Amino acid sequence: MSVLAMLLADSRFPGGGHVHSGGLEEAAARGLLRAEADLPPFLTARLRTAGLLAAVFAAASAHAAGSPRGDGVWDVLDAELDARTPSAAARYASRVQGKAFARAVGVMVVPSVDGDCGSTLRAVLAATPRPHHAIVLGVAAGSVAGAARVAAYLAVSGPASAAVRLLGLDPLWVNGVVAGMVDEVEAVAGEAVRWAGCAPAELPAPSSPGLDLLAEEHERHHREEVRLFVS
Amino acid sequence: MRARADLAVEVDRHGNTVVGTLRCQAPLTLVPARANGSALVHLVASAAGPLGGDDLALTVRVGSGARLRLVGVAATVLLSGASRSAVTFEIGAGAVVEYLPGPTVVTERAEHEASLVATLARDARLRTREVLVLGRAGEPPGRLDTRTSVTRDGRPVLRQRLLVGDPALDRSLPGLAGRRVLATESDFSPDEAEAASGQWWSRSPLAAGGSVVTVLADDAATATRRLAEVAEKTSGDESL
Amino acid sequence: MSFDPTVAEADRHDQAPAAGRAVRIGVGGPVGSGKTALVAALCRALADVDLAVVTNDIYTTEDAEFLRRAGVLDPARIEAVRTGCCPHTAIRDDITANLDAVDSLAERFPGLRLVIIESGGDNLTAVFSRGLVDHQIFVVDVAGGDKVPRKGGPGVTTADLLVINKTDLAPLVGADLGVMSGDAHRVRNGLPVVLQSLVDTPDAPAVAGWVRDRL
């Protein structure tokens, strides 16, 4: 794991990640997720669905950033990820985070695979002013493996941190849960790496109906009652 | 058993949609019924299953401007053993298609792979419904691996793969939240839909136009009633 | 200059913001110290200024409706930021959500001259990042105890303006305004301090004047 990837995966990286709970806030608000025992099944299923999707597109984006490519690749990846995200609220959350991440990455001088992350990032932003988070992450991570690992890890660490803040779960215990998922995170990242060079249309499309429904209701509820996270 | 069915409909010189090609093999049986200028075809399973070894493929071509309703008359019960089914639509300019198969029940020892691939011309429309039931009453589900891929004018509209039968996903909140039935009704059209949602249902616009209604419920009757309610709701009315 | 927010030092970031962009002023302070009331007062007092507000407080459509009915500010000029239960993170450590909110307002109102960013209620160590605001106001109140200025902390010592709010309550809570003011001036090395009561002066003239001088 490169130091650059560690920087991007750090919860202190100012990429806007701390305001996203990955569906956990809605589940907690409805009383569906209350205690420590509820957290591991949520994180595991999230990793294998939304986490895999994010890792696959981060890896594909990193691959595209490091390859000679036509101008249309960012448009194509964006449209393919949209088609794999049927929930409008989930697409919104991904793009909010993507824009925030792009802002944070844009001011860093990142030695990426093509020697200039800045020019690749500009190409992404020119094609999609509010890019998906996974795609910006792929551009910034500097390697296919790093991108996949960071995306898979963030799919778990984000909601885990939200559980500490929202439910007051023991942070040491929650950290232990995440540590216990290391092999699963590696497996998801490994699968994503294997897909990285494939045609975007062929990339995996794991669905997560429950997360989609939680995301939609979260967005609706935010208009009437208090929600502290963007997603 | 390996079975292939082909259906092609087109508009004749009077402007009516007529069935041009209709080939089928048991257990995939297509029964045409002419209705008011559009085509109505019933999809009848003439044998139990699918069961182990079955490989079923249905290809539907809808010519420009044609109108087709393809309606399943009964539930599909996925029985024991590895089987697969593939449904393919090619829908021409201005054509309107409704594909309404019956519910699919994933029984305990099923291992089924299903795919729905639809290629739409720019202004074509496809409305389709899928009701997945995890096991018969009191029965855990077998395995189902279902893929949906819809493109319009070469651009992706919806690509989803759902795995049923892994308890870690079926029971989890991100997966099927422990519900026995997942029902979706997709409107693949260029229209913009308004988002709406409730506890375990939502209607969400797709990025490329059209919308998907998703319902999780404990039984098929509740799920299909909720689908109908959401479909009938006028936009803005969210009282369910 | 020192970037350590715990070091009391005159702020030297007083240069004009980039040409054409609105001046960004942060309003921070503990829960209940009167940040929202001060922001509402500033909106009234600066009605002639093209301004907008970003709130980091728990904010619902009810709040927007309240402000609209009170005629303080068009709800379209308010952006609510969700802070993921960490109000200080959103104004200091990871400011991207707030920067996005400022950008949205600037896109919506191209002539914008002032954006007031209200933090969620937090503790005495919560200050705004210089990457987010050009100037910051820290609000404490008399009812929070007259020892607060003496305690210091980055909010009290380094904010560009310290407001000691609700002075009308001093006799009721037994707070000594002289002690508070003296302590505040001592820990702030000459940075300005305003004592005010929105009961006595509902339009916060001293603070509004200070803000105007920054435009």
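Residues numbered from 1 in each chain as written. Chains lettered and ligands numbered in written order. Predicted model: local features only at pLDDT ≥ 70, side-chain atom pairs only at ≥ 80, totals over all residues. Heavy atoms only, no water.

### Some details on the pairing of strand S13 (residues 143-152) of chain B
Residues and elements named next belong to chain B.
In step 1: For S13, a buried count of eight out of 10 residues is recorded, marking the element as mostly surrounded by other parts of the structure.
In step 2: Relative to S13, strand S11 (residues 110-120) runs parallel, the two being bridged by 10 bridges. Note on S13: the bridge partner recorded for Leu120 is Arg152.
In step 3: Pairing analysis gives nine bridges linking S13 to strand S14 (residues 155-164), with the strands arranged antiparallel. Each bridged residue has a counterpart across the sheet, and for Thr151 the counterpart in S14 is Pro156.
In step 4: Hairpin connection of S13 to S14: two residues between the antiparallel strands, including Asp153 at a positive phi of 55°. (Buried < 20%, exposed > 50% of the residue type's maximum accessible area, 1.4 Å probe, protein only. Helix = DSSP H or I, 4+ residues; strand = E, 2+ residues; numbered from the N terminus. Pairing = 2+ DSSP bridges.)

### A closer look at the interface of chain C and chain A
In step 1: Taken together, the 17 residues of chain C in the interface contact 24 residues of chain A.
In step 2: Together chain C and chain A conceal approximately 1700 Å² of surface at their shared face, both sides included; 55% is due to carbon and sulfur atoms.
In step 3: Considering only the surface of chain C that becomes buried against chain A, Arg82, Cys85 and Asp100 of chain C emerge as the three largest contributors, covering 39% of it.
In step 4: The interface formed by chain C and chain A holds three salt bridges in total.
In step 5: The residue Asp100 of chain C makes a salt bridge to Arg103 of chain A at a minimum N-O spacing of 2.8 Å.
In step 6: At the boundary of chain C with chain A, the tally comes to 10 residue pairs in polar contact (both at pLDDT 80 or more).
In step 7: When contributions to the side of chain C that touches chain A are tallied by element, the ones reaching two or more residues are helix H3 (87-93) and helix H4 (96-108) of chain C.
In step 8: Counting residues per element, the side of chain C that touches chain A draws most heavily on H4 of chain C, at four residues.
In step 9: The residue makeup of the side of chain C that touches chain A, split by class, is six nonpolar, six polar and five charged. (Contact = heavy atoms within 4.5 Å. Buried area = accessible area lost by both parts, 1.4 Å probe. Salt bridge = Lys/Arg side-chain N within 4 Å of Asp/Glu carboxyl O. Polar contact = N/O pair within 3.5 Å; in protein donor to acceptor, adjacent residues only side chain to side chain. Nonpolar A, V, L, I, M, F, W, Y, C, P; charged D, E, K, R; others polar.)

### Structural notes on the interface of chain A and chain B
In step 1: Contacts between the two partners involve 34 residues from chain A and, on the opposite side, 32 residues from chain B.
In step 2: It is Ala83, Pro86 and Leu213 of chain A in chain A that bury the most area against chain B; as a group they hold 21% of the surface buried on that side.
In step 3: Inspection of the chain A/chain B interface yields two salt bridges.
In step 4: For Glu80 of chain A, the salt bridge is made with Arg159 of chain B, and the minimal N-O distance between the two is 2.6 Å.
In step 5: Only helix H3 (39-65), helix H4 (73-83), helix H5 (88-106) and helix H11 (209-222) of chain A provide two or more residues apiece to the side of chain A that touches chain B.
In step 6: The element contributing the most residues to the side of chain A that touches chain B is H11 of chain A, with nine residues.

### Topic: the pairing of strand S8 (residues 81-91) of chain B
All names here are of chain B.
In step 1: Summarising the sheet, strand S5 (residues 55-62) and S8 pair through eight bridges and their orientation is parallel. Its bridge partner lying in S8, Thr59 is registered against Thr88.
In step 2: Sheet topology note: the S8/S11 ladder contains 11 bridges and is parallel. Along S11, the bridge assignment pairs Thr88 with Val117.

### Looking at unusual backbone geometry
In step 1: Cis rather than trans, the peptide bond between Ala26 of chain B and Pro27 of chain B has omega equal to 5°.
In step 2: Here Pro27 of chain B is to be found in the loop between strand S2 (17-23) and strand S3 (28-35).
In step 3: Even without a glycine there, the phi angle at Cys85 of chain C is positive, about 65°.
In step 4: On the secondary structure map, Cys85 of chain C appears in the loop between strand S3 (78-80) and H3.

### Concerning the sheet that holds strand S1 (residues 2-11) of chain B
Residue and element names in this part refer to chain B.
In step 1: Here seven strands make up an open sheet; going across it, the order is S2-S1-S5-S8-S11-S13-S14 and the pairing mixed. In the strand order of this sheet, the two ends are held by S2 and S14, each with one partner. Averaged over all neighbouring strand pairs, the angle between strand axes comes to 10°, with direction disregarded.
In step 2: The pairing of S1 with S5 spans eight bridges and is classified as parallel. From the neighbouring strand, Arg2 faces S5, where its bridge partner is Asp55. (Axes fitted to C-alpha atoms, helices over the stretch in contact; angles between N-to-C directions.)

### Some words on a nonpolar patch on the surface
Residues and elements named next belong to chain A.
In step 1: Taken together, the side chains of Met1, Val3 and Met6 define a hydrophobic patch exposed on the protein surface, amounting to about 330 Å² of accessible area.
In step 2: With respect to the element layout, Met6 can be found in helix H1 (residues 3-9).
In step 3: Classification of Met6 by relative accessible area gives partly exposed; the value is 47%. (Patch = residues over 30% accessible without salt bridge, like charges linked within 9 Å, V, L, I, M, F, W, Y side chains within 5 Å. Areas by Shrake-Rupley, 256 points an atom, 1.4 Å probe, with all protein chains shown as cover.)

### Topic: the side chain of Ser207 of chain A
In step 1: By the element assignment, Ser207 of chain A lies in the loop between helix H10 (182-195) and H11.
In step 2: Its relative accessible area of 9% is what places Ser207 of chain A among the buried residues.
In step 3: If we skip the residues at most four places from it in the chain, Ser207 of chain A touches Thr49 of chain A together with Gln160, Arg161 and Leu162 of chain B.

### What about the arrangement of the chains?
In step 1: For the two pairs of chains in contact, the largest share of contacts goes to chains A and B.
In step 2: Across all C-alpha pairs, the smallest distance from chain B to chain C is 17 Å, and the two are not in contact.

Honestly, that's just the spatial picture; any functional story needs more than this.
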